[in-house]
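Analysis of the macromolecular model
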Amino acid sequence: MNPHSLRLLDFDIVRGELLDHCWSGDGKKRLLSDGFTHREEELEKIRSLVAGFRRLFTGDMERPSLSMPEIGDAMALAEKPGAALEAPELAAAASYFRQAKTIKTCLSRGGSPLAEEGADLPDLSGTAAKIGKIVGPDGEIRENDIPSLVEIRRRVRSLRRGLDEMARSYLENPAYRGYWQSDTVSQKDGRVVLPLGANFRGRLRGVVHEYSSRGATAFFEPLDIFDGNNRLVEEENEYRREVHRLLRELTAELGERAGEIAFLRERVGHIDAMQARARYSHLHDCFTAAVSRGELSLRGARHPLLGKKAVPIDVEVRDGARILLVTGPNTGGKTVALKTVGLLALMNQ
């Protein structure tokens, strides 16, 4: 198809409107990659499926309202051995699988041909449930539901309480009265430190992490607090390692099911592209054209981009005719009439 003709007839604008009705990025990619259909059998199959979705949109049955996240990049990474997706990426995958199950359930109730189209959609809701036990819908780690993380957090809280008590004992010790620039415990790089006056730096054993902008305050870590901070850092590192292990295990399962997921995305893209066509046709009061050979007959046709303000036209080109004369004054609608015929022909295919 000539790209110049597609632009001239505003087909890309119509296709852009179709994209707005897609549930998924996979559906949008399918719409953009779909070519024009010239085989009558294939065209009838597509029409039948779109008509099934059209009935779904006009009937009483509850229809899904979906917004499926893009998971292509995450799945490419999941196929690599030892990879670990981030929690939000796993949450997106779980959301995609759950919504795909919603599509399957909806199609199973839609009658032929929708039920047939949804029958081969892989059900990955079990994998979504596994992810959901570790990762919440917003991509947060469900640490309160994971025993290993609960235990690590318990140890972290205990260490923090102990460090806070040790720090307060330094600040409140009469022997060190006047050493401190304030009575507030600080943190530097996650480590508990005390605001020691710079001129008292040699009075206590410990580590100075840095000085205030004016140099009057040394952020000081006494040796006993230093040891406690090290244990705290190790526990927090252990927490991160455990989270990474859990994410890696979930990612490995996605990698093992990569073939199913790729097939699911391909099928979702196809179904989504069909329902977007149906949604568009419903909103624009479109009709399915009857297949004919060698002739064209339009009754009350409107240019779809002009909406209900468009003046309907009747156009007929009988079998064997080679010429159609379109006459009228300037701004009388000749160009719009021709573009209407051309654009509807493109949309039909």
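Every chain is numbered on its own, with residues counted from 1 as its sequence reads. Reporting in this predicted model follows two pLDDT cut-offs: at least 70 for local features of residues, and 80 or more for side-chain atom pairs to be given and counted; totals over whole chains, interfaces and linings ignore these cut-offs and use all residues. Excluded from the side-chain calculation are hydrogens and water; included are all heavy atoms of the structure.

**Digging into the packing of aromatic side chains**
Between 30 and 60 degrees the pair is tilted, below 30 it is stacked and above 60 it is edge-to-face, where a pair is any two Phe, Tyr or Trp rings, Trp via its six-membered ring, whose centres lie within 6.5 Å. With the rule as written, the count across this model stands at six aromatic pairs. A centroid spacing of 5.2 Å and a plane angle of 45 degrees characterise the contact between Phe11 and Phe36, whose relative ring orientation is tilted. Here the residue Phe11 occupies a position in helix H2 (residues 11–19), and Phe36 occupies one in the loop between helix H3 (25–33) and helix H4 (40–58), the gap between them amounting to 25 residues. Ring pairs connect the aromatic residues Tyr170, Tyr176, Tyr179, Trp180 and Phe200, which therefore count as one cluster. Whether a charge sits over a ring depends on NZ of Lys or CZ of Arg being within 6 Å of the ring centre and within 35 degrees of the ring normal. Positioned above the aromatic ring of Tyr239 is the side chain of Arg153, whose terminal nitrogen or guanidinium carbon lies 3.9 Å from the ring centre. Over the face of the ring belonging to Phe219 we find Lys188, whose NZ or CZ atom lies 4.4 Å from the ring centre. Runs of E in the DSSP output that reach at least two residues are strands. Runs of H or I that reach at least four are helices, and both are numbered from the N terminus.

**Focus: helix H8 (residues 125–134)**
Along H8, the positions that sit buried rather than exposed are Thr127, Ala128, Ile131 and Ile134. Buried residues of H8 fall within an arc of 115 degrees about the axis and therefore sit on the same side. Where H8 is buried, its residues meet helix H6 (87–108) and helix H10 (223–256). A 1.4 Å probe rolled over the protein chains alone gives each residue an accessible area, and that area as a share of the maximum for its type sets the label: buried under 20%, exposed over 50%, partly exposed in between. Here, the arc refers to the directions that run from the helix axis to the C-beta atoms. Contacts are assigned to residue pairs with any non-hydrogen atoms lying within 4.5 Å of each other.

**As for the packing of H2 against helix H11 (residues 258–283)**
Interaxial angles span 0 to 180 degrees and are taken between N-to-C directions of axes, which are lines fitted to C-alpha atoms, for helices over the stretch in contact. Viewed as axis vectors pointing N to C, H2 and H11 meet at an angle of 105 degrees, and their least axial separation amounts to 9 Å. As far as their axial angle goes, H11 and H2 are roughly perpendicular. Counting all contacts with H2, which are made through Val14, Glu17 and Leu18, the residues of H11 involved are Ala276, Arg277 and Tyr280. Classifying every residue of the contact of H2 with H11 gives four nonpolar, no polar and two charged. Working definition: roughly parallel below 35 degrees, roughly antiparallel above 145 degrees, roughly perpendicular at 65 to 115 degrees, and oblique for all remaining angles. In this classification, the charged set is Asp, Glu, Lys and Arg, the nonpolar set is Ala, Val, Leu, Ile, Met, Phe, Trp, Tyr, Cys and Pro, and all remaining amino acids, among them Gly, are polar.

**Overview of unusual backbone geometry**
Residues Ser112 and Pro113 are joined by a peptide bond in cis, for which omega reads 5 degrees. For Pro113, the position within the fold is in the loop between H6 and helix H7 (114–118). One non-glycine residue, Asp285, adopts positive backbone phi at about 55 degrees. Note on placement: Asp285 falls in the loop between H11 and strand E5 (296–301). Here Asp285 falls in the partly exposed class, since its relative accessible area comes to 40%. In the Ramachandran plot, Thr331 falls in the positive-phi region, its phi being about 60 degrees despite a non-glycine side chain. Within the secondary structure layout, Thr331 lies in the loop between strand E6 (313–317) and helix H12 (334–348).

**Observations regarding the sheet that holds strand E2 (residues 191–197)**
Read across the open sheet, the four strands follow the order E1-E2-E4-E3; overall the sheet is antiparallel. In this open sheet, the two strands that pair with only one neighbour each are strand E1 (186–188) and strand E3 (206–211). Within the sheet, the average angular offset between the axes of one strand and its neighbour, ignoring direction, is 50 degrees. We treat two strands as partners when DSSP finds at least two bridges between them. In terms of strand pairing, E1 meets E2 through three bridges, oriented antiparallel. Bridge pairing links Gln187 to Val192 in E2.

**Some remarks on the environment of Lys334**
One can find Lys334 in helix H12. For the pair Lys334 and Leu159, spaced 175 residues apart in the sequence, the C-alpha separation amounts to 82 Å. Among all residues touching Lys334, those that are not within four sequence positions of it are Val326, Thr327, Gly328 and Pro329. As used in this structure description, the phrase polar contact means that two N or O atoms lie within 3.5 Å; if the pair is within protein, one of them must be able to donate a hydrogen and the other to accept it, and residues adjacent in sequence are counted only when both atoms belong to side chains. A polar atom in the side chain of Lys334 sits 3.2 Å from the backbone oxygen of Gly328.

**Considering the nonpolar core**
Grouping buried Ala, Val, Leu, Ile, Met, Phe, Trp, Tyr and Cys residues that are joined through side-chain atoms within 4.5 Å yields what is termed a nonpolar core. Core analysis: the largest hydrophobic core is formed by 64 residues, its most contacted members being Phe53, Phe97, Ile103 and Leu254. Elements with a contribution of two residues or more to this core: H4, helix H5 (72–78), H6, H8, helix H9 (147–172), E2, H10 and H11. By residue number, the principal contributor to this core is H6, which donates 12 residues. Among residues more than four places away in sequence, those in contact with Phe97 are Ile71, Leu124, Thr127, Ala128, Leu254, Ile261 and Leu264.

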